[in-house]
Amino acid sequence: MSNIKMINPATNENLGIIEGFDKKKIKSEYEKARKKLITFKNTTIQERINEVKKIKKYIVENLEYIVDELSKDLGKTKSEALLMEIFPVLDCIKYYEKNAYDILRYKKIKTPIALIGKKSYIFYNPVGVVLIISPWNFPFTLSLIPIITAVIAGNTVIYKPAEDATYSAKIMEKILIESGFEKDVVTFIYGKSSEIGDELIEEKPDKIFLTGSVKTGKIIMEKAAKYLIPIDLELGGKDPMIVFEDANITRAANAATWGSLLNCGQACVALERIYIQEKVYDDFLNRILSNVKKVNQGWDTKGDVDIGCITGSNQIKIIEDQIKEAQDKGAKILIGGKAKGMFFEPTILVNVDHSMEIMREETFGPVISIMKFKTEDEAIHLANDSNYGLNASIWTKDKEKAMRVSKKIISGGIAINNALTSSANFALPFGGTKQSGIGRYHGPYGLWAFSNIKAVMYEKGLKDQDIQWYPFRKDKYKRFLSTFKSIFSERLIDKIKGLPYMIKIIRSEK
Ligand code: NAD
């Protein structure tokens, strides 16, 4: 199997080499995970929370070390590593510490009168061994959040990191080992997806949770279909921002600067399409241009840099090609547009339209593409004219308008008068519509995504016979008819007439 070279994309520093796993090793790791599941699935919710709290303790005690290691692997700034990688993981653990028991404990559900004598429950049982596959852009948060969620729900995990974030995965593995987290509950599998991708699925995990590109989502879905393995797909985005003329334009321009450039644009929820109402277009443009001129880009050693570099090895070419195609079709660069090594300059593009890839395909770079619109309907149409539907951002001081537009935008989340905030509250669901994915996680949705949600009906079982069992006879059939009318008819007379029959049925009288 090939080796994976780990390098700092900002400085080219060699961070080491790791050997990819072969088929035999993957098989034996799955066997370990399955064996561990036998005992782990029977642990209590509190015991699992206690395990996960060890990770929180370790992270808090080693914050700066983890920030530095993540920055080294990914070329991101220290503040971004802290705010966007580490904070969400701590926030997730804190949320589940407080809420997981209530979410996962068995629930008693109301039983209808027709089922008198019976009791209804929901059990949340683990799914089994789950395969979690993560991307390189936020490897810490997008790996540890699903891992922690799956573990709290009682599953064991096979985890495959992205090749470009192998060093970050080694750091996560170290955290689990050194924090004393229970062995074999989470297994790290290293290797190139082209070499080990098939094997990971051929081992038939009980569930697959992928965060990645649409292309990979389609491949995984097709392969999972062979064994009907349930999947959750958290895929790409091309998030729109709509700024109406009554919005706070200064705030909108500041948010657009951050929301488009964060993590050097390598965020599934980055603002990749900006639509400005014509009356405030020039004002917005002046403000965002002035902001972008002040953005400080570089390799961050002290915590005073705004944006870092591109992490993904193939990403620079994708960004360059999209900008070139847009220019060929009439787009104009206001600032930026070039790469120096892995540092792609913050870029503003205007005169863009929906015939260009830059407005249709994920860019995943620090490119702010801005378009003018006239009416509310046009803005909604433009925002929805996309294969993606992850998040959106709407700007107006008119709450009614904000709510009206929010209902019409097809996406998994909406931030009003802000960027990305719909994913800031961990209790809210996270996931995409259209090609941005299938499924939801975070909050209770995450624990349910990793659970077999089981319907259970209890009764004492003292009677020999239930009315709906054989034999069926003419008079019994009539009783059923009257009872149905009594239950479902809107007419009082039908309800009254059917009552004696219903009582007989409830008593299971022959
Ligand atoms: P990618 O699709 O190339 O890879 C994602 C993961 O899948 C990696 O671990 C990769 O090794 C693995 N993989 C690829 N092919 C595979 C195969 N055939 N079998 C098994 N595993 C395979 O994505 P990426 O470049 O690492 O990440 C960027 C993409 O992820 C962007 O499209 C971005 O929008 C998306 N993303 C989505 C979210 C979200 O929550 N919706 C969050 C972050 C990133």
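Parameters at a glance
Along each chain, the written sequence defines residue order, and numbers are assigned to residues from 1. Predicted model: local features are reported for residues with pLDDT of at least 70 only, side-chain atom pairs are reported and counted for 80 or more only, and whole-chain, interface and lining totals are derived from all residues. Derived side-chain values reflect all non-hydrogen atoms in the structure, with water molecules and hydrogen atoms excluded from consideration. Partly exposed describes any residue whose relative accessible area lies between the buried limit of under 20% and the exposed limit of over 50%, with all areas from a 1.4 Å probe on protein chains only and scaled to the type maximum. By the criteria applied, helices consist of DSSP H or I runs no shorter than four residues and strands consist of E runs no shorter than two, each listed in order from the N terminus. Each pair of strands is called paired provided DSSP finds at least two bridges between the two strands. Think of it like this: strands point away, you trace from the first strand over the helix to the second, and a clockwise trace means the crossover is right-handed. Nearness is defined per residue: one heavy atom within 4 Å of the molecule or strand is enough. Contacts described as polar in this section are N or O atom pairs within 3.5 Å, which, within protein, must combine one atom able to donate a hydrogen with one able to accept it, while residues neighboring in sequence count only if both atoms come from side chains. Per-residue and other accessible areas were derived by the Shrake-Rupley procedure at a 1.4 Å probe size, with only the shown protein chains allowed to occlude residues. For helices, the fitted axis covers only the stretch in contact; all axes are lines through C-alpha atoms, and the angles between them, taken along N-to-C directions, range from 0 to 180 degrees. The contact definition used throughout considers only heavy atoms, calling two residues in contact when any of these lie within 4.5 Å.

Asks: Describe the pairing of strand β5 (residues 129-133), with residues and values.
Replies: In terms of burial, β5 is largely enclosed, as five of its five residues are buried. Burial along β5 is two-sided: the face carrying V129, L131 and I133 and the face carrying V130 and I132 are both buried. Looking at chain direction, β5 and strand β6 (residues 156-160) are connected through five bridges and run parallel. Across the sheet, L131 pairs through a bridge with I158, a residue of β6. For the crossover from β5 across helix α5 (residues 139-152) to β6, the handedness is right-handed. Pairing between β5 and strand β8 (residues 207-211): four bridges, direction parallel. Looking at β8, one finds that V130 is bridged to K207.

Asks: Explain the site of the ligand to me, using residue names and the numbers behind them.
Replies: Residues in close proximity to the ligand total 28 residues, the closest being S134, S213, T216, L235 and E362. In the environment of the ligand, an oxygen atom lies 2.6 Å from a nitrogen or oxygen atom belonging to the backbone of S134. One of the side-chain nitrogen or oxygen atoms of S213 is found 2.6 Å away from an oxygen atom of the ligand. When the ligand sits alone it has 850 Å² of accessible area, and the protein chains cover 90% of it.

Asks: Describe the sheet that holds strand β22 (residues 451-459), with residues and values.
Replies: Sheet architecture is open: three strands sit in the order β3-β4-β22, paired in antiparallel fashion. What marks the edges here is a single partner per strand, and that holds for β3 (107-109) and β22. If you compare each strand with its neighbour and ignore which way they point, the axes differ by 30° on average. Where strand β4 (residues 118-126) and β22 come together, nine bridges link them in antiparallel fashion. Among the inter-strand pairings, F123 is bridged to a residue of β22, identified as K454. Along the sheet, helix α4 (residues 78-104) makes contact with β3, β4 and β22, crossing β3 at roughly 40°.

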